[in-house]
Amino acid sequence: MKLQRKNGRGLRALTVGAVAVSGALVLTACGSDDNTKEGGKADTAAAGNIKCDGEGQLLASGSSAQKNAIDAWIQNYTSACKETQINYKDIGSGGGITEFLQGSTAFAGSDSALKPEEVTESKKICKGGQGINLPMLGGPIAIGYNVAGVDDLVLDAPTIAKIFDSKIKKWNDPAIKKLNPDAKLPATEIQAFHRSDESGTTQNLGKYLGGSAASDWKYEDEKSWPAKGGQSANGSSGVASQVKQTDGSIGYFELSYATSQDISTVKVDTGAAQPVEATSENASKAIAAAKVVGKDKDLALELDYKTQAEGAYPIILVTYEIACDKGNKAETLDAVKSFFTYTSSEDGQKILTEEGYAPLPAEIAAKVRETIPTLS
């Protein structure tokens, strides 16, 4: 998979067969040449270093931010493995956690870690164990915009907060002009789009605004959009589509949605010497400072949204795959471990930059790889 360039922004060139109907992707995944599965022995696939194990159907749902990465992972995985179907629905982090806690999916994708009450609830389906957070990828939350005649735009946290809180209503507002003295800003009304579904992307944006613009963003960092006003759309793809087609618009979504649709993105004034562009490399600089705050097998991270390090993009997220540490369903356990082993591997992490994401820092990736074989 290669990134093609257009007007300085990346366009994703994925050739994924008949990809995604209504956000669901059903592809053939992993299998063993030994259909008897005697001794649970896994085979090494001829293509690459993917080890195939398990069979049947894996149902998973959650984060739409990671959907493009999941698509790419499954495409590579299926070129090597044949006997497991993977159906991932990008219904948002909140929806994914709900379905996991109902016991209807093998794992969930979420851009925020399980809350304490969700961990407690997970013990009902994780017999003898509980749900844990396994970080699998990182990335920048791009602030995408569509303003005629404006190809370069700088905003800071207070200004972003006021825009999404409907306190700045026109593109030629003095606060925006101050940050962009050379731009020809029109008097166009700002059309701010946010997520209509429960979203970890929303929650991470809220954490950034609450930390870096506390006097201008008074809301709790929840998965549901907290502010009044603005317009809503479902999923990252929905928000990106609205921004793409609406003059005067602004919205937030994972970077690959901006690159694939050629949407301009905001550079963020963090207080560093230069405004910081939303790129996977710049997000990696911020994510590298993440600390593991989960206990035992749980690898929940604490991110620094207030970073002022040179070249570190502060509006970031980490997507977790959520599974049981103990008590996973026997019929899906081997396939879950096999798929996670690939996605966390060096080969699985390598493709993330091409897709507009940030690979896990080496130390965190090592902990994830150590934890996956212990799932039971």
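Residues numbered from 1 in each chain as written. Predicted model: local features only at pLDDT ≥ 70, side-chain atom pairs only at ≥ 80, totals over all residues. Heavy atoms only, no water.

## Concerning the side chain of asparagine 68
- Among the secondary structure elements, asparagine 68 is positioned in helix 1 (residues 67–78).
- For asparagine 68, a relative accessible area of 7% gives the class buried.
- Reaching out from asparagine 68, the side chain makes a polar contact with the side chain of serine 256 at a distance of 2.6 Å. (Helix = DSSP H or I, 4+ residues; strand = E, 2+ residues; numbered from the N terminus. Buried < 20%, exposed > 50% of the residue type's maximum accessible area, 1.4 Å probe, protein only. Polar contact = N/O pair within 3.5 Å; in protein donor to acceptor, adjacent residues only side chain to side chain.)

## A few points about the packing of aromatic side chains
- Tallying each qualifying case throughout the model produces nine aromatic pairs.
- Seen from their ring centres, phenylalanine 164 and tryptophan 225 are 5.9 Å apart, and the 70° between their planes marks the pair as edge-to-face. Highlighted residues: phenylalanine 164 in helix 4 (residues 157–164) and tryptophan 225 in the loop between helix 6 (200–212) and strand 12 (231–233), separated in sequence by 61 residues. As far as the burial class goes, phenylalanine 164 and tryptophan 225 line up, both buried.
- Cluster of aromatic residues (ring-pair linked, three or more members): Tyr77, Phe107, Phe339, Phe340 and Tyr342. (Phe/Tyr/Trp six-rings, centres within 6.5 Å; stacked < 30°, edge-to-face > 60°.)

## Describing the nonpolar core
- Ranked by internal contacts, the top residues of the largest apolar core, which has 105 residues, are Trp73, Ile143, Ile250 and Phe340.
- Here this core gets eight residues from one element, more than from any other, and that element is strand 9 (residues 131–146).
- Excluding anything up to four places from it in sequence, isoleucine 250 contacts Ile143, Gly144, Tyr145, Leu155, Ile163, Phe164, Trp171, Ile190, Gln191, Ala192, Phe193 and Val243. (Core = buried A, V, L, I, M, F, W, Y, C linked by side-chain atoms within 4.5 Å. Contact = heavy atoms within 4.5 Å.)

## Description of the pattern of salt bridges
- Scanning the entire structure with this criterion turns up seven salt bridges.
- Among the salt bridges present, the one from lysine 89 reaches glutamate 99, with a minimum N-O distance of 3.2 Å. In this pair, lysine 89 sits in strand 7 (residues 84–89) while glutamate 99 sits in helix 2 (residues 93–101), placing the two residues 10 residues apart along the sequence.
- For lysine 89, a relative accessible area of 33% translates into the label partly exposed.
- Accessibility expressed as a relative area gives 17% for glutamate 99, which makes it buried. (Salt bridge = Lys/Arg side-chain N within 4 Å of Asp/Glu carboxyl O.)

## Observations concerning the packing of helix 1 against helix 11 (residues 346–354)
- One can describe the packing of helix 1 onto helix 11 by two numbers: an axis separation of 10 Å at closest approach and a directional angle of 135°. The orientation of helix 1 relative to helix 11 falls into the category oblique. The two elements helix 1 and helix 11 cross, and the hand of that crossing is right-handed. In contact with Ala69, Ala72, Trp73 and Asn76 of helix 1, helix 11 contributes Gly348, Gln349, Ile351 and Leu352.
- Class assignment of the residues belonging to the contact of helix 1 with helix 11 gives a composition of five nonpolar, three polar and no charged. (Axes fitted to C-alpha atoms, helices over the stretch in contact; angles between N-to-C directions. Parallel < 35°, antiparallel > 145°, perpendicular 65-115°, else oblique. Left-handed = near helix turned anticlockwise from the far one by under 90°. Nonpolar A, V, L, I, M, F, W, Y, C, P; charged D, E, K, R; others polar.)

## With respect to the pairing of strand 9
- Taking burial as the measure, the 16 residues of strand 9 include 15 buried ones, the bulk of the element.
- With six bridges connecting them, strand 9 and strand 13 (residues 249–254) associate as antiparallel partners. Note that in strand 13 the partner of glycine 144 across the bridge is glycine 251. (Pairing = 2+ DSSP bridges.)

## Remarks on the side chain of glutamine 66
- Take glutamine 66: it is sitting in the loop between strand 6 (56–62) and helix 1.
- Among the residues examined, glutamine 66 registers a relative accessible area of 0% and is labelled buried.
- Leave out the neighbours within four places in its chain, and glutamine 66 touches Trp73, Tyr88, Gly109, Leu137, Thr319, Glu321 and Tyr357.

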